[in-house]
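# Descriptive analysis of the structure
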Amino acid sequence: MTAKSFLAAWNEFFFADQSPIPIALFRVIYGVMVIATLLLLRPDWMAWYGPHAWVSLPTMQGIEPGPRLNLFTVLPETYFWAQALFWVFLASAACLTIGFLARVNSVVVYLCLASIQQRNLFILHGGDTFLRVAGFFLIFAPAGAAFSVDRLIRIWRGREGAEIRLRRPWAQRMIQFELTLVYFVGFCWKVAGAPWVEGSALSYIYHVDELQRFPVPSWFLNPTILKLATWFTLVLEFALGVLIWIKEIRYYLLAIGLFFHLCLEYSLNVPMFQWDVLSAYVLFIDAGDLQRVWNRIRDRTGTHFGEQVTVIYDGSSERLRRIANLLGAIDIFSRLSFVDLRDAAAPGGARMKAARDKLEVETEFGPRQGLDAVRTVASVVPLLWPVYLVLSIQKLFKLRVA
Amino acid sequence: MVKSAEGGQVSRRGKETRPGGRAPGEKELARAQFFGLKKWQYIAINAFLIFHTLAICCWCMPFGSPFIAACRETLRPYFVWSGLFQSWDMFSPLPKSANAYMEALVLYQDGSTTIWSFPRMEQLTLTEKYSKERYRKFMESVLDEKNAMLWPDVARHVARLPEIRGGGPRKVMLVARWSNVVRQEDGTFARGPWDEHVFYSYDVKPEDLQ
């Protein structure tokens, strides 16, 4: 490989535009993982992070000295501030999940996550570490480019159209790199340990009672099977750390990795670790394949949400065009079809002319405009069901008053 | 370069440029060359990528060379500050090979005693296992002698617990109980006999209960 071809490959890998759908999906799953972690910590929040926690702040600073990104060191050490941090963290994680002010909230989530981890390093597992390092690189990623409130706002303001713009994936690549390191470094550590090489490691692990979750079949506890499973772990960790970059075998490896982590989730008590790691698998799936899978799901389930509704709008009106784009972005199950009056193929007629400057919806009971149109649209678009509920209650209330 | 009649600049090739000095389209061409980024942005991102890729590898790869150790020491302030420190040595190089747990033996002012147990995973329900798993990890850390600095805090915390504080605790002793997983002659593994020892004793001070 020449320097020139290396540079070209480097640029292609880190900078060639690609769909932001995988990183946006990762943002959603990552947010859910952070929320789940927080909710699991909730019952003992004050025991770990309160002013009279198991490990005091001065002790922690004594064991791990030096400046750190840790909000606990700047906030007053009181119950109020410890509780406030929890709620701010939770709210920010929720905002990150829905993609509202995604960049700002990725910074806040990272700050809070780093803070609680730095506050007590003695209760962390590998999943926590992965969330932290992935969260660092998520700050730099175009995580709000799809599936986000931010995108809807951009569409509403006319800064973005219906198409999702391609983005540079360098931050996504760093999270992928971190995931492969989890496996590859894990593999390197394991081959340095005699129990892993001789095949007895899992025999020890499956005899530690505190690690057991659900009972495993007795045949699995046979020393020969455990020996094979130990070596299989080594092979798989190496493959997921190195061979996953080979496109042709990637999906097979991801499928085996998924099965492996689900088995661990069933049998070993390390809450959230498997899910935290699995969350990043989505980054290795091609956006086109994600789209195809989603289309299949949409085609199978979409019809359950009602008949397709036709929305007629005048594309020469900036406002109506934005509304149509917005509805198109929210309508993830394709229950709406759009007709632009400017389109030569659009059916003509006096009713069409009436739709100028207004959004009109075709239903089997005739055309609808105004709130009725909104209600009809909301009834078939799952993300707008809360709006449908409010408008239906309002309509019912009006009928009763009348 | 010379000034044109309109105040713009003319390059040596005679092409008129903007007042900023670049020909129209030249800027777009430069941006396309750097994937839509300005040159300084492209350089900065590459520096960021190269630094972090090498630094993270250097930090977490289990290499024992003096050079890598020196690099780690240099990187340490940035890694611990930013939260990028990481290790991926789950169950390795040696997996856990003992069942172990911890209890606190509390001596009260009136001479009575009580034993306070830390949550033990094998005795919890599934939902409790999820939310209390941190205690498993914490106990693992506390039982490690190299974390002896944690012991006074743990003993103080036990003394402060509502169910302990009311009785007037005088002394808190931390007790480790463990049973090694042993390989038997036929190649199977079994849990060994239980052993125990008091690894820390703390005299409770009045201010601890404030």
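Residues numbered from 1 in each chain as written. Chains lettered and ligands numbered in written order. Predicted model: local features only at pLDDT ≥ 70, side-chain atom pairs only at ≥ 80, totals over all residues.

## Quick word on the overall build of chain A
Across its full length, chain A carries 19 helices and 4 strands. In terms of its C-alpha atoms, chain A occupies a principal-axis envelope of roughly 85 × 55 × 50 Å. Scored against the burial criterion, the 402 residues of chain A give a buried share of 37%. Within chain A, contacts between residues separated by at least 24 positions form 73% of all contacts whose residues are at least 6 apart in sequence. (Helix = DSSP H or I, 4+ residues; strand = E, 2+ residues; numbered from the N terminus. Buried ≥ 20, exposed ≤ 12 C-beta atoms within 10 Å, placed from the backbone. Contact = placed C-beta atoms within 7 Å.)

## Structural notes on the overall build of chain B
When you go through chain B residue by residue, the secondary structure sums to 6 helices and 8 strands. Each helix and strand of chain B, ordered N terminal to C terminal, gives the series β-β-β-α-α-α-β-β-α-α-α-β-β-β. Relative to its full complement of 210 residues, chain B shows a buried share of 18%. Long-range contacts, defined here as pairs at least 24 residues apart, represent 46% of the contacts in chain B between residues at least 6 apart.

## Structural notes on the interface of chain A and chain B
The partner chain B presents 52 residues to the 59 residues of chain A that form the contact. Residue assignment for the side of chain A that touches chain B shows that the elements contributing at least two residues are α1 (3-15), α4 (57-63), α6 (102-119), α7 (126-138), α9 (170-191), α10 (194-198) and α11 (201-205) of chain A. At 10 residues, α9(A) tops the list of elements feeding residues into the side of chain A that touches chain B. Looking at the side of chain A that touches chain B residue by residue, the classes come out as 33 nonpolar, 18 polar and 8 charged. (Nonpolar A, V, L, I, M, F, W, Y, C, P; charged D, E, K, R; others polar.)

## What about the packing of α9(A) against helix α2 (residues 39-60) of chain B?
The angle between the axes and the distance between the axes are what describe a pair of packed helices. Axis separation between α9(A) and α2(B) bottoms out at 12 Å; the angle between their running directions is 10 degrees. One finds that α9(A) runs roughly parallel with respect to α2(B). Packed against α9(A), whose contacting residues are Trp170(A), Met174(A), Phe177(A), Leu181(A) and Val185(A), the element α2(B) presents Ile45(B), Leu49(B), His52(B), Thr53(B), Ile56(B) and Cys60(B) at the interface. (Axes fitted to C-alpha atoms, helices over the stretch in contact; angles between N-to-C directions. Parallel < 35°, antiparallel > 145°, perpendicular 65-115°, else oblique.)

## Details of α2(B)
With 22 residues, α2(B) should cover 32 Å at 1.5 Å per step; its first-to-last C-alpha distance of 32 Å lies within 8% of that length. Where α2(B) is concerned, the buried positions are Ile56(B), Trp59(B) and Cys60(B). The arc enclosing the buried residues of α2(B), seen along the axis, measures out at 65 degrees, which places them on a common side. Along α2(B), exposed side chains directed more than 90 degrees from the buried face belong to Lys39(B), Ile43(B), Ala47(B), Ile50(B), Phe51(B) and Leu54(B). Against α9 of chain A together with α3 (66-82) of chain B lie the buried residues of α2(B). (Expected span 1.5 Å × (residues − 1). Arc of directions from axis to C-beta.)

## So, the sheet that holds strand β3 (residues 360-363) of chain A
Strand pairing within a sheet occurs via backbone hydrogen bonds; the two strands may be parallel or antiparallel. Residues and elements named next belong to chain A. Taken together, 4 strands build an open sheet; the order of strands is β2-β1-β3-β4 and the sheet is mixed. Whereas interior strands pair on both sides, the edge strands pair on one side only; in this sheet they are β2 (336-340) and β4 (366-369). Neighbour-to-neighbour, the strand axes of the sheet open up by a mean angle of 30 degrees, direction not taken into account. Of the strand pairs in this sheet, β3 and β4 are connected by 4 bridges, and their pairing is antiparallel. (Pairing = 2+ DSSP bridges.)

## Side note on unusual backbone geometry
For residues besides glycine, phi is generally negative; the peptide bonds are generally trans as well. Going from Ser92(B) to Pro93(B), the amide bond is cis rather than trans, its omega being -5 degrees. Residue placement: Pro93(B) occurs in the loop between α3 and β4 (98-108). The phi dihedral of Phe147(A) falls on the positive side, at around 45 degrees, and the residue is not glycine. Its place among the elements puts Phe147(A) in the loop between α7 and α8 (149-156).

## Here's the deal with the pairing of β3(A)
Residues and elements named next belong to chain A. Bridging between strand β1 (residues 309-313) and β3 involves 3 bridges; their strand directions are antiparallel. Of the residues in β3, the one forming a bridge with Val-311 is Val-361. Here β3 hands over to β4 after 2 residues, the two strands then running antiparallel side by side.

## Points about the confidence of the model for chain B
All names here are of chain B. Of the residues in chain B, 85% have a pLDDT of 70 or more, and the chain-wide mean is 87. Residue range residues 1-20 is modelled with pLDDT below 50. Its contacts to residues more than four positions away, or to other chains, number 23 contacts. In the predicted assembly, ipTM is 0.90 and pTM is 0.90. (pLDDT = per-residue confidence, 0-100.)

## Overview of the environment of Ser218(A)
Inspection of the secondary structure assignment puts Ser218(A) in the loop between α11 and α12 (223-241). Ser218(A) sits 83 residues away from Thr301(A) along the chain, and the two C-alpha atoms are 40 Å apart.

## Some thoughts on helix α5 (residues 151-160) of chain B
Residues of α5(B) that are buried include every one of Val154(B), Ala155(B), Arg156(B), Val158(B) and Ala159(B), and no others. Each element contacted by the buried residues of α5(B) is listed here: β4, β5 (113-117), α4 (126-142), α6 (162-165), β6 (169-183) and β8 (195-203) of chain B.

## Points about the environment of Pro271(A)
Residues and elements named next belong to chain A. Mapping Pro-271 onto the fold places it in the loop between α13 (247-267) and α14 (273-278). Overall, Pro-271 belongs to the buried group, with 22 C-beta atoms counted inside 10 Å. Here the alpha-carbon distance between Pro-271 and Gly-127, two residues 144 residues apart in the chain, equals 8.7 Å.

## A few points about the environment of Ala159(B)
Residue and element names in this part refer to chain B. Relative to the elements of secondary structure, Ala-159 occurs in helix α5. The class for Ala-159 is buried, based on 23 C-beta atoms found within 10 Å. Expressed as a C-alpha distance, the spacing of Ala-159 and Val-106, which sit 53 residues apart in the sequence, is 7.8 Å. In contact with Ala-159, not counting residues within four places along its chain, are Ile-164, Arg-165, Pro-169, Val-172, Val-204, Asp-208 and Leu-209.

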